[in-house]
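# What the coordinates show
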Amino acid sequence: MNITGFWTILLLIISNVFMTFAWYGQLKLPDLVPSSKNWPLIVIILLSWIIALFEYFFMIPANRIGSNTNGGPFNLMQLKVIQEVISLTVFTVIVALVFKGQPIQWNHIVAFCCMIAAVFFVFLK
């Protein structure tokens, strides 16, 4: 993998950290800010959008520099599969560290292995 591929993957990882917190962080919010239990849903949505904005600051450049249409090393299918595996990996790590009541089970591991296999097959010539 060249340096462009490295930067693409790093930006995708950062992007997916923001994405995971934008989508699922609000479930942990009442533990951090007890008064948030009474916030209207629109406030939670707007807070998530603000967090998701930072996701886009990393996701869009990752896709632009990583895409072979712009001289990057990955075709669109490869970019998407890489992004999905990174998304699942980041999600799993955050669930394990932040949402401790959510155990990782054997079928989750098997599903993750299938995603890894997808990466293998999408890069197969």
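None of the values given here were measured: they were computed from a predicted structure.

## Let's talk about the packing of helix α4 (residues 76-98) against helix α5 (residues 106-123)
- Packing of α4 against α5 brings their axes to within 9 Å, and their N-to-C directions diverge by 160 degrees. With respect to each other, α4 and α5 are oriented roughly antiparallel. Handedness of the crossing formed by α4 with α5: left-handed. Along its contact with α4, which presents M77, Q78, V81, I82, E84, V85, L88 and T89, the element α5 presents F112, M115, I116, A118, V119, V122 and F123.
- For the contact of α4 with α5, the per-class residue count stands at 12 nonpolar, 2 polar and 1 charged.

## Let's talk about the environment of K80
- By secondary structure assignment, the location of K80 is in helix α4.
- A sequence separation of 64 residues divides K80 from N16, and the C-alpha atoms of the two residues are 13 Å apart.

## Details of the nonpolar core
- The biggest cluster of nonpolar side chains holds 10 residues, and these are L11, L12, M59, A62, F74, L79, I82, I86, V90 and I94.
- Where this core is concerned, the elements lending two or more residues are α1 (3-24), α3 (41-66) and α4.
- Beyond its immediate sequence surroundings of up to four residues, I86 is in contact with I9, L12, I13 and N16.

## As for the pattern of salt bridges
- In the structure shown here, the tally under the stated rule is 2 salt bridges.
- With a shortest N-O distance of 3.2 Å, D31 and K28 are connected by a salt bridge.
- The partner of K80 in a salt bridge is E84, and the shortest N-O contact between them spans 2.7 Å. Here K80 and its partner E84 are both found in helix α4, 4 residues apart, which amounts to about one turn of the helix.
- Judged by its relative accessible area of 30%, E84 is partly exposed.

## Some details on the packing of aromatic side chains
- By the definition in use, this model includes 8 aromatic pairs.
- Relative to Y24, the ring of W23 lies with its centre 6.3 Å away and its plane at 65 degrees, an arrangement referred to as edge-to-face.
- With relative accessibility at 32%, the residue Y24 sits in the partly exposed group.
- Centre to centre, the rings of F120 and F121 are 5.1 Å apart; their planes meet at 75 degrees, and the pair counts as edge-to-face.

Thresholds, definitions, all that
- Residues numbered from 1 in each chain as written.
- Predicted model: local features only at pLDDT ≥ 70, side-chain atom pairs only at ≥ 80, totals over all residues.
- Heavy atoms only, no water.
- Axes fitted to C-alpha atoms, helices over the stretch in contact; angles between N-to-C directions.
- Helix = DSSP H or I, 4+ residues; strand = E, 2+ residues; numbered from the N terminus.
- Parallel < 35°, antiparallel > 145°, perpendicular 65-115°, else oblique.
- Left-handed = near helix turned anticlockwise from the far one by under 90°.
- Contact = heavy atoms within 4.5 Å.
- Nonpolar A, V, L, I, M, F, W, Y, C, P; charged D, E, K, R; others polar.
- Core = buried A, V, L, I, M, F, W, Y, C linked by side-chain atoms within 4.5 Å.
- Buried < 20%, exposed > 50% of the residue type's maximum accessible area, 1.4 Å probe, protein only.
- Salt bridge = Lys/Arg side-chain N within 4 Å of Asp/Glu carboxyl O.
- Phe/Tyr/Trp six-rings, centres within 6.5 Å; stacked < 30°, edge-to-face > 60°.

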